[in-house]
Amino acid sequence: MAELNGKVPVITIDGPTASGKGTVASRVAEALGFHYLDSGALYRVVGLVCLRNNVPLDDMAAVTAHAMAIKPRFAGGRVTLGTEDITAAIRTEEVGQAASRAAVISSVRDALAELEKNARRAPGLVADGRDMGSVIFPDAPLKVFLTASAEARAHRRYKQLIEKGLDVKLSDLVSEMKERDLRDMRRAHAPLAPAEGARILDSSFLTIEETVEKVLYWWLECTKR
Ligand code: CDP
């Protein structure tokens, strides 16, 4: 079935910020016993490292050098860099903004593409991000573009950050989210857009469980073909 053309199967889940990609992708991976790639976390690690080292995010050469050097480890839902657990540190909006600024640099994207492609391991991979279906895994048998209204996304992100104990304002979040979405959609390299052949899934009025079910149903259809 899914070992299409002898290749390890991949399900890509792309979409704008706070569309629920991460939660949905990791649950789909768990249900299928597949590996999970959070490609946004890689961009966030680059953003964090640049902020910490006072690297201006428009200094393409310096940002690229950091992107080429990072060796984050992902295990048990935690992200570590060297000996430091950076799981919480990469989730701030400041780091999200820095990540999206680093993400416009094509040489940064090339550096991370290598790490992303290496995550394709048996028995399968669920990859979430912005360009997983369009650029990194164009041969994925199932590509999903997960979206939701700006309002639904802002409320979800707000809840997520408040639960983590971070002090945020909903109004700030809405404007930061819009700024990041626009930058992601307008950039020249791998702009945020549904990949060719992607199925669009609007989760504004769906629960996480319903969204996961839908993706699993589509996957079942793919494997029967
Ligand atoms: O948490 P959120 O969905 O807002 O973002 P993320 O998936 O953690 O990604 C952070 C930033 O990295 C995004 O705003 C994008 O600019 C960038 N990114 C990208 O360009 N390509 C990817 N495949 C994943 C993330």
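The following refers to the structure shown.

**A closer look at the site of the ligand**
Taken together, 20 residues lie around the ligand, and Thr17, Arg44, Arg109, Asp131 and Asp184 are the ones closest in. At a separation of 2.8 Å, an oxygen atom of the ligand approaches a polar side-chain atom of Lys21. At 3.1 Å, a side-chain N or O of Arg130 approaches an oxygen atom of the ligand. The leading source of residues in the shell around the ligand is helix 2 (residues 39–52), at four residues. The residue inventory of the shell around the ligand, partitioned by class, reads five nonpolar, five polar and 10 charged.

**Things to note about the packing of helix 2 against helix 3 (residues 60–69)**
Two elements in contact, helix 2 and helix 3, have axes separated by 9 Å at closest approach and are oriented at 125°. If you check the angle between helix 2 and helix 3, you find them oblique. Judged by the sense of rotation from one axis to the other, the crossing of helix 2 with helix 3 is right-handed. Where helix 2 approaches helix 3, its residues Val46, Val49 and Cys50 are matched on the opposing element by Val63, His66 and Ala67.

**Considerations on the packing of helix 3 against helix 5 (residues 106–118)**
Axis separation between helix 3 and helix 5 bottoms out at 9 Å; the angle between their running directions is 5°. Here helix 3 is positioned roughly parallel relative to helix 5, judged by the angle of their axes. Contacts between helix 3 and helix 5 involve Val63, Thr64, Ala67 and Met68 on the former and, on the latter, Ser107, Val108, Ala111 and Leu112. Of the residues contributing to the contact of helix 3 with helix 5, the split by class is six nonpolar, two polar and no charged.

**Some details on the environment of Ser107**
Residue position: Ser107 is located in helix 5. Placed 80 residues apart in sequence, Ser107 and Arg187 show a C-alpha to C-alpha distance of 14 Å.

**A closer look at the environment of Met185**
In this fold, Met185 is placed in helix 8 (residues 170–186). Here Met185 is in contact with Pro191 and Leu192, once residues within four sequence places are set aside.

Calculation criteria
- Residues numbered from 1 in each chain as written.
- Predicted model: local features only at pLDDT ≥ 70, side-chain atom pairs only at ≥ 80, totals over all residues.
- Heavy atoms only, no water.
- Near = heavy atom within 4 Å.
- Polar contact = N/O pair within 3.5 Å; in protein donor to acceptor, adjacent residues only side chain to side chain.
- Helix = DSSP H or I, 4+ residues; strand = E, 2+ residues; numbered from the N terminus.
- Nonpolar A, V, L, I, M, F, W, Y, C, P; charged D, E, K, R; others polar.
- Axes fitted to C-alpha atoms, helices over the stretch in contact; angles between N-to-C directions.
- Parallel < 35°, antiparallel > 145°, perpendicular 65-115°, else oblique.
- Left-handed = near helix turned anticlockwise from the far one by under 90°.
- Contact = heavy atoms within 4.5 Å.

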